[in-house]
Amino acid sequence: MARNKSLLVLGLILVLVACSSGEEEADAEKRKADSLAACEKPVFDEYKASELADLMRKMDADMRIYREHLEKGRIDSLDLSMDYSTLKTATPTDPTVKTDVFAGMADAYLFNVGKLRERPENAQEIFNTTVTSCLTCHQQFCPGPMVRIRKLLL
Ligand code: HEC
């Protein structure tokens, strides 16, 4: 009798464990779906953006301004802070994007931005390299906005 009871308890525990990991999985799936949805419909929607999505919008807006100035040959008068130092710490919609690969691509991008901030002679070339480093990361983690980003290339 006692043995049956402990089997019953064990059974219950197993069921509980199975349920909760199922929930966690559903949760992770939902975050992934949210992230993909965010990547599909960037910038224009009113949905609550993650810290990372917010930062991306700022990066995107800055690059558009930079590009305009570059086209008019006026980067000397450009006053953009281009401070994206939270790139690696900002919370993404989907936490699974925060991998070593993400960090590496973030470093490459920040390196290029650093060069842009110095207003180099070959600003256009470095600008294009920077946009390419946006695209490399997006290819991996967030393909939705790539069409929009590619249009930045000069
Ligand atoms: C290191 C990787 C990485 C780099 C570099 C990067 N992005 Fe992103 N970007 C992401 C990820 C991941 C998301 C999804 C963010 C989220 O939903 O939390 C995103 C989202 C976006 C979005 C959608 C924001 C929204 O409203 O949901 C835009 C637009 C964007 N990026 C533009 C850019 C531009 C322009 C650059 C370069 C100037 C750039 N990104 C560089 C990884 C990157």
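The structure presented is a predicted model; accordingly, all values stated were derived computationally and were not measured.

**Here's the deal with the overall build of the protein chain**
A tally of regular secondary structure across the protein chain gives 5 helices and 0 strands. Secondary structure elements in the protein chain, listed N-terminal to C-terminal, are α-α-α-α-α. Burial status across the protein chain gives 33% buried among its 154 residues. Put simply, of all contacts in the protein chain between residues at least 6 apart along the chain, 61% involve residues at least 24 apart.

**Re the coordination of the iron atom of the ligand**
Under perfect tetrahedral coordination by four donors, a metal shows angles of 109.5 degrees; under perfect octahedral coordination by six donors, it shows angles of 90 or 180 degrees. Ligation of the iron atom of the ligand by protein atoms is provided by Met-56 (SD) and His-138 (NE2), these donors lying 2.0 to 2.3 Å from the ion. By relative accessible area, Met-56 is classed as partly exposed at 25%. Take His-138: its relative accessible area is 10%, and that puts it in the buried class.

**With respect to the environment of Thr-136**
With respect to the helices, strands and loops of the structure, Thr-136 is situated in helix H4 (residues 123-141). The exposure class of Thr-136 is partly exposed, given its relative accessible area of 40%. A distance of 2.7 Å separates a polar atom in the side chain of Thr-136 from the backbone oxygen of Thr-132.

**Some thoughts on H4**
Taking 1.5 Å as the rise per residue, H4 with 19 residues should run 27 Å; its terminal C-alpha atoms sit 27 Å apart, in good agreement. All of the buried residues along H4 are Ala-123, Ile-126, Phe-127, Asn-128, Thr-130, Val-131, Ser-133, Cys-134, Leu-135, Cys-137, His-138 and Phe-141.

**So, helix H3 (residues 100-117)**
The end-to-end C-alpha distance of H3 is 25 Å, a good match for the 26 Å that 18 residues give at a rise of 1.5 Å each. Of the residues making up H3, those classed as buried are Phe-102, Met-105, Ala-106, Tyr-109, Asn-112, Val-113 and Leu-116. The buried side chains of H3 occupy one side of the element, clustering within an arc of 125° when seen end-on. Opposite the buried face of H3, at more than 90 degrees from it, the exposed residues are Asp-100 and Phe-111. In the core, the buried residues of H3 are packed alongside helix H2 (51-71) and H4. The first or second residue beyond H3 is Arg-119, which carries a positive phi of 50°.

**Looking at the packing of aromatic side chains**
The full count for this structure, using the stated rule, is 3 aromatic pairs. Plain terms: the ring middles of Phe-102 and Phe-141 are 5.7 Å apart, the flat faces sit at 70° to each other, and that makes the pair edge-to-face. Taken together, the positions of Phe-102 in helix H3 and Phe-141 in helix H4 put the pair 39 residues apart, joining distant regions of the chain. For Phe-141, a relative accessible area of 18% corresponds to the buried category.

**Things to note about the confidence of the model for the protein chain**
Considering every residue of the protein chain, the mean pLDDT works out to 84; 77% of them sit at 70 or more. Segment residues 14-19: pLDDT under 50, and 0 contacts once partners within four positions in sequence are set aside and those in other chains are kept.

**Overview of the side chain of Asp-62**
Here Asp-62 lies in helix H2. Of note is the side chain of Asp-62, whose polar atom sits 2.8 Å from the side chain of Tyr-84. Asp-62 has contacts with Leu-80, Met-82 and Tyr-84, leaving out every residue within four places of it along the chain.

Conventions used here
- Residues numbered from 1 in each chain as written.
- Predicted model: local features only at pLDDT ≥ 70, side-chain atom pairs only at ≥ 80, totals over all residues.
- Heavy atoms only, no water.
- Helix = DSSP H or I, 4+ residues; strand = E, 2+ residues; numbered from the N terminus.
- Buried < 20%, exposed > 50% of the residue type's maximum accessible area, 1.4 Å probe, protein only.
- Contact = heavy atoms within 4.5 Å.
- Donors = N, O, S within 2.8 Å, 3.2 Å for Na, K, Ca; no water.
- Polar contact = N/O pair within 3.5 Å; in protein donor to acceptor, adjacent residues only side chain to side chain.
- Expected span 1.5 Å × (residues − 1).
- Arc of directions from axis to C-beta.
- Phe/Tyr/Trp six-rings, centres within 6.5 Å; stacked < 30°, edge-to-face > 60°.
- pLDDT = per-residue confidence, 0-100.

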